[in-house]
Amino acid sequence: SRECKDKTIGYHTYSISPILIDDKVEGAEGFIIDISEKKAAEKIIADYQIHLEKLVEERTQKLNKAKANLEESLFDLRKALKKSKELNLFKSQIVTTISHEFRTPLSIILSSIEIMDQHLIEQKNDRITKKINDIKDAINKMTVLIDDAMLLQKINSDEFKLNKEDVNFKEFCVSIISEFDKN
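Below or above, wherever it landed, is the structure these notes cover.

### Focus: the pattern of salt bridges
Turning to step 1, where the next piece is worked out: The final tally for this structure, using the stated rule, is 5 salt bridges.
Turning to step 2, where the next piece is worked out: Here D147 ties to R103 by a salt bridge, and the two come within 2.3 Å at their closest N and O atoms. Remark: R103 occurs in helix α1 (residues 36–119) and D147 occurs in helix α2 (residues 126–156); sequence separation between them is 44 residues.
Turning to step 3, where the next piece is worked out: Judged by relative accessible area, R103 falls into the partly exposed class, the value being 32%.

Given below as structure tokens:
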């Protein structure tokens, strides 16, 4: 760099070559090229490169933070899914156990009522018949509730698979109504 006539600092390149006449140096010639604009452009490029490197670093940090947050969320989701599966298994086991524990006594009660019903044929009156029928109805209702609970448990578990098929809607509705009429 050197000071220019206008007192600014400029950048120049020099080139000096000897003038040879009969292999004897008779003088020199040279030229000076002002490279101030080139140096200014290089400085702008270097400054912009530093700026870009800072931007890349900032964005890399943001991406790493976002990645860490996503990994944490994924971990939490996997943990929640595992807990949900455990709870569903526990619920399934409870429903199965309760179903078994209710079915057995209900079957015993129903069998006993049917035996009583047959042995008391001569002694039965309307009051006894009504009570026996009430007990049978209550047992049937509880059995239907247990069956419904077991069905819901199967639907909510992986055991239940949905098989799609075309149906005649009118016939389907009629069959459902007739099922309700039976019960």
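### Here's the deal with the pairing of strand β4 (residues 24–34)
Turning to step 1, where the next piece is worked out: Examined bridge by bridge, strand β3 (residues 12–21) and β4 share 10 bridges and lie antiparallel to one another. From the neighbouring strand, Y14 faces β4, where its bridge partner is I32.
Turning to step 2, where the next piece is worked out: Between β3 and β4, which follow one another and run antiparallel, lie 2 residues, and D22 among them has a positive phi close to 50 degrees.

### Considerations on the side chain of S99
Turning to step 1, where the next piece is worked out: Take S99: it is sitting in helix α1.
Turning to step 2, where the next piece is worked out: Classification of S99 by relative accessible area gives buried; the value is 6%.
Turning to step 3, where the next piece is worked out: The residues touching S99, leaving out its near neighbours within four places in the chain, are I146 and M150.

### Some points on α1
Turning to step 1, where the next piece is worked out: In this model α1 runs 122 Å from its N-terminal to its C-terminal C-alpha over 84 residues, within 8% of the 124 Å that 1.5 Å per residue would give.
Turning to step 2, where the next piece is worked out: Listing the buried residues of α1 in full gives S36, S92, S99, L106, I113 and D117.

### Considering unusual backbone geometry
Turning to step 1, where the next piece is worked out: Unusually for a residue other than glycine, D22 sits at a positive phi of about 50 degrees.
Turning to step 2, where the next piece is worked out: With respect to the helices and strands, D22 occurs in the loop between β3 and β4.
Turning to step 3, where the next piece is worked out: A relative accessible area of 75% places D22 in the exposed class.
Turning to step 4, where the next piece is worked out: Positive phi is not limited to glycine here, since D23 has a value of about 55 degrees.
Turning to step 5, where the next piece is worked out: As for its placement among the helices and strands, D23 is situated in the loop between β3 and β4.
Turning to step 6, where the next piece is worked out: The exposed category is assigned to D23, whose relative accessible area is 75%.

### Considering the packing of α1 against α2
Turning to step 1, where the next piece is worked out: Contact geometry for α1 and α2: axes closest at 10 Å, N-to-C directions at 160 degrees. Between α1 and α2, the angle falls in the class roughly antiparallel. For the element pair α1 and α2, the recorded crossing hand is left-handed.
Turning to step 2, where the next piece is worked out: Taken together, the residues of the contact of α1 with α2 break down into 13 nonpolar, 6 polar and 6 charged.

Reading the values: rules and limits
- Residues numbered from 1 in each chain as written.
- Predicted model: local features only at pLDDT ≥ 70, side-chain atom pairs only at ≥ 80, totals over all residues.
- Heavy atoms only, no water.
- Salt bridge = Lys/Arg side-chain N within 4 Å of Asp/Glu carboxyl O.
- Helix = DSSP H or I, 4+ residues; strand = E, 2+ residues; numbered from the N terminus.
- Buried < 20%, exposed > 50% of the residue type's maximum accessible area, 1.4 Å probe, protein only.
- Pairing = 2+ DSSP bridges.
- Contact = heavy atoms within 4.5 Å.
- Expected span 1.5 Å × (residues − 1).
- Axes fitted to C-alpha atoms, helices over the stretch in contact; angles between N-to-C directions.
- Parallel < 35°, antiparallel > 145°, perpendicular 65-115°, else oblique.
- Left-handed = near helix turned anticlockwise from the far one by under 90°.
- Nonpolar A, V, L, I, M, F, W, Y, C, P; charged D, E, K, R; others polar.

So, to be careful, I would describe these as geometric facts and stop short of saying anything about function.
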